[in-house]
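Observations on the three-dimensional arrangement
Listed here are the chains, written in short residue letters.
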Amino acid sequence: MVSRLDRGPVGNWWWTIDRWYLAAFLSLMLLGVVLSFAASPAVAVRIGLDPYHFVIRQIVFMVPALIAMIGVSFLDERQIRRLAIVMLAGSLLLMLAALYFGVEVKGARRWVTLMGISVQPSEFMKPAFVIVCAWLFAEGARQPDIPGNLLAMILLGVALTLLVAQPDLGQTMLLVATWGVMFFMAGLSWVWIIALGASAIGGLGAAYSVFPHVAKRIDHFMTGEGDTFQVDTAREALMRGGWFGQGPGEGVIKRVLPDSHTDFVFAVAGEEFGLILCFVVLALFAFVVLKGLRDSLREQDDFSRYAIAGLVIQFGLQSIINMGVNLQLLPAKGMTLPFISYGGSSLIAEAIAMGMVLALTRKRPSKRTHIAFSPRGAAVPAE
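A brief look at the structure comes next. Note that the structure is predicted; figures quoted are calculated from it, not measured.

Moving on to the environment of Val130. Within the secondary structure, Val130 is located in helix α5 (residues 121-142). Residue classification places Val130 among the buried residues on the basis of a relative accessible area of 0%. Excluding anything up to four places from it in sequence, Val130 contacts Thr178, Met182, Ala307, Gly310, Leu311 and Gln314.

Moving on: unusual backbone geometry. Cis geometry is found at the peptide bond from Gln166 to Pro167, where omega equals -10 degrees. On the secondary structure map, Pro167 appears in the loop between α6 (148-165) and α7 (169-185). Here the phi dihedral of Phe339 falls at roughly 70 degrees; this positive angle occurs in a residue that is not glycine. The topology assignment puts Phe339 in the loop between α12 (302-326) and α13 (344-360). By relative accessible area, Phe339 is classed as buried at 1%.

Moving on: the sheet that holds strand β2 (residues 108-114). Pairing is antiparallel in the open sheet, where 3 strands are placed in the order β1-β2-β3. The sheet is open, and its two edges are formed by β1 (103-105) and β3 (117-119), each paired on a single side. Taken over all neighbouring pairs, the strand axes of this sheet differ in orientation by 40 degrees on average, direction set aside. Strand contacts of helix α4 (residues 77-101): β1 and β2, with the helix running at about 105 degrees to β2, the strand carrying the most contacts.

To continue, consider the nonpolar core. The biggest cluster of nonpolar side chains holds 98 residues, and the ones touching the most others in it are Met125, Phe129, Ile131, Phe339 and Ile340. Among the elements that take part in this core, helix α2 (residues 19-46) stands out by supplying 13 residues, more than any other. With sequence-adjacent residues up to four places away left out, Ile131 is seen in contact with Ile80, Arg81, Ala84, Phe303, Ala307, Leu311, Met356 and Leu360.

Criteria and thresholds
- Residues numbered from 1 in each chain as written.
- Predicted model: local features only at pLDDT ≥ 70, side-chain atom pairs only at ≥ 80, totals over all residues.
- Heavy atoms only, no water.
- Helix = DSSP H or I, 4+ residues; strand = E, 2+ residues; numbered from the N terminus.
- Buried < 20%, exposed > 50% of the residue type's maximum accessible area, 1.4 Å probe, protein only.
- Contact = heavy atoms within 4.5 Å.
- Pairing = 2+ DSSP bridges.
- Axes fitted to C-alpha atoms, helices over the stretch in contact; angles between N-to-C directions.
- Core = buried A, V, L, I, M, F, W, Y, C linked by side-chain atoms within 4.5 Å.

Rendered as structure tokens:
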């Protein structure tokens, strides 16, 4: 146990960090390892790998993810902004490189190979994008001569262009929704709300017309016809599990579900551990999002307010999309469940994002409101 008298970096970090957030993130990571044992061996055997191939890799990825999350949580706001700028520039360049030199998987170019390791740059772009946009919105409000909102729009356009070119329409929608929430918090007018809403509807219509796989997925979702094997199988797994599940290792749906260790790990959790565990997972995500929004509203600094809200909204929306697809409430879309689905890029990028949340919500003297007394005895706030 770290003593309160310890004024070193570790002691200061321990007594200023929000340990509720830390416990929630560590719990989700632990669930990711447990569910990897449940979901991935069947997939590994089916494709001719060692049964614990994905489990071992998930645990190996967990080490740098934990180091990244804890390391980022030591940073102050200025260091967070600097890190985000470097991450954003690097990830955008790698996304551009992926279009020309990346590996094509299922018709999309989203991956690049660095020193023998496959990396998905868009995963690292997302948290950096949130931080930089939060800074632009805050600076635009603080200094009217700085076109912060305009620069944030340009940045959104650049990021969306690269995502659509891959194509990755799920990440596109996630980025637009997160950006829209942050822009709303920054005080956009109703004219902008209507314009952005119309643009989103127009973009969805264009995607339906231009990308056949998007049209196919929407049509299958609306009509229930066509190839709906994965979502139908995922729903069947949840129904088989009931409240208490079939028991660890007793699930059978994972043996035929191609992406049971990634996009449909929530369904495996439901079949083997029941709806009780599904509600626990849902509660953990809801806790992070609701607490993050509450903490953001308590922030006096605009940058921290927008950044915390943007990061937890992005975290929550991604989990909603994944679970919604598993429950057949949304059209099929390959998107990982944060901290739980298998995937090194997703795991490490989410750890960095939540490390930023831990850093921005630390209890620092500069972020507290102190009460002073005027000469007449009235209480007034003082910085």
